[in-house]
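Geometric and topological summary
Residue-level listing of the chains:
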Amino acid sequence: MKKKEIKFFTQEDNFVEKTRVVKEEVFVPEAHITSNGKLSLPLPTLEFLGVESTLTARFKVGVDQNKKGFVGLYLIPSDESDPTAFELVKIGRGFSLLLKGIFIKLGLAYRTTEFHFTIKKIDLDGIGTGFFAKLVDEKPRTKKGDDGDED
């Protein structure tokens, strides 16, 4: 019979040094549709998008044609010379893209439903770098408008 080699532990082996894990806050850029059909972009989100001058910022806006239903919006930075780009407009403490007609054509009931998005950076073949505002939450809107703007 073979002699077994056994390692026995001591009390010191059982000591675990407590270390604090510092969780780094991760910023998640967000957007939402106001009750007046505007895609609202808070200032921290605009900083994430790399918008340096809110006075001249423009975005081309699109949706994926291959998806069934609405899953989100593509936002492609553009310059002032592009007639298809949408201008960033100041509202309250943030900025927005006036997309009321597009939301109506997409069948989004923005007056009665809150739509919330998270935004991530993407690379599109043949187009370049842009952003995708992915729909993450949809719930009934409360009675009072969410931004106090009138049509």
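If you're wondering where the values come from, they're calculated on a predicted model, not measured in any experiment. (Residues numbered from 1 in each chain as written. Predicted model: local features only at pLDDT ≥ 70, side-chain atom pairs only at ≥ 80, totals over all residues. Heavy atoms only, no water.)

Brief notes about the overall build of the protein chain
A count of helices and strands for the protein chain gives two helices and eight strands. Listing the helices and strands of the protein chain from first to last along the sequence gives β-β-α-β-β-β-β-α-β-β. Taking 2.2 N^0.38 as the reference for a compact globule, 151 residues should give roughly 15 Å; the C-alpha atoms of the protein chain span a radius of gyration of 24 Å, well beyond that estimate. Based on the C-alpha atoms only, the size of the protein chain along its principal axes is roughly 85 × 45 × 35 Å. Put simply, the protein chain has 151 residues, and 32% of those count as buried. Partitioning the contacts of the protein chain with sequence separation of at least 6, the portion at a separation of at least 24 is 61%. Surface summary for the protein chain: the accessible area is close to 11,500 Å², and the carbon and sulfur share equals 52%. Looking at charge distribution, the protein chain has the averaged site of its 24 positive side-chain charges lying 7 Å from that of its 24 negative ones. (Helix = DSSP H or I, 4+ residues; strand = E, 2+ residues; numbered from the N terminus. Rg over C-alpha atoms; globule rule 2.2 N^0.38 Å. Buried < 20%, exposed > 50% of the residue type's maximum accessible area, 1.4 Å probe, protein only. Contact = heavy atoms within 4.5 Å. Areas by Shrake-Rupley, 256 points an atom, 1.4 Å probe, with all protein chains shown as cover. Lys, Arg positive; Asp, Glu negative; His and termini not counted. Charge placed at Lys NZ, Arg CZ, Asp CG, Glu CD.)

Remarks on the packing of aromatic side chains
With the rule as written, the count across this model stands at four aromatic pairs. Look at F70 and F117: their rings are 6.1 Å apart centre to centre, the planes differ by 90 degrees, and that puts the pair in the edge-to-face class. Here F70, found in the loop between β3 (58-62) and β4 (72-78), pairs with F117, found in strand β7 (residues 113-124); they are 47 residues apart in sequence, far enough to count as distant. The class of F70 is buried, set by a relative accessible area of 18%. One Lys or Arg, K90, reaches over the ring of F95 and ends 5.1 Å from the middle of that ring. (Phe/Tyr/Trp six-rings, centres within 6.5 Å; stacked < 30°, edge-to-face > 60°. Lys NZ or Arg CZ within 6 Å of the ring centre and 35° of its normal.)

Thoughts on the nonpolar core
In this structure, L39, L88, L97 and F117 are the most contacted members of the largest nonpolar core, which totals 26 residues. Put simply, the parts of the chain that give this core at least two residues each are β1 (30-33), β2 (38-41), α1 (43-49), β3, β4, β6 (94-98), β7 and β8 (128-140). Leaving out residues up to four positions away in the same chain, F117 has contacts with P29, E30, A31, H32, I33, L39, F70, G72, A133, K134, L135 and V136. (Core = buried A, V, L, I, M, F, W, Y, C linked by side-chain atoms within 4.5 Å.)

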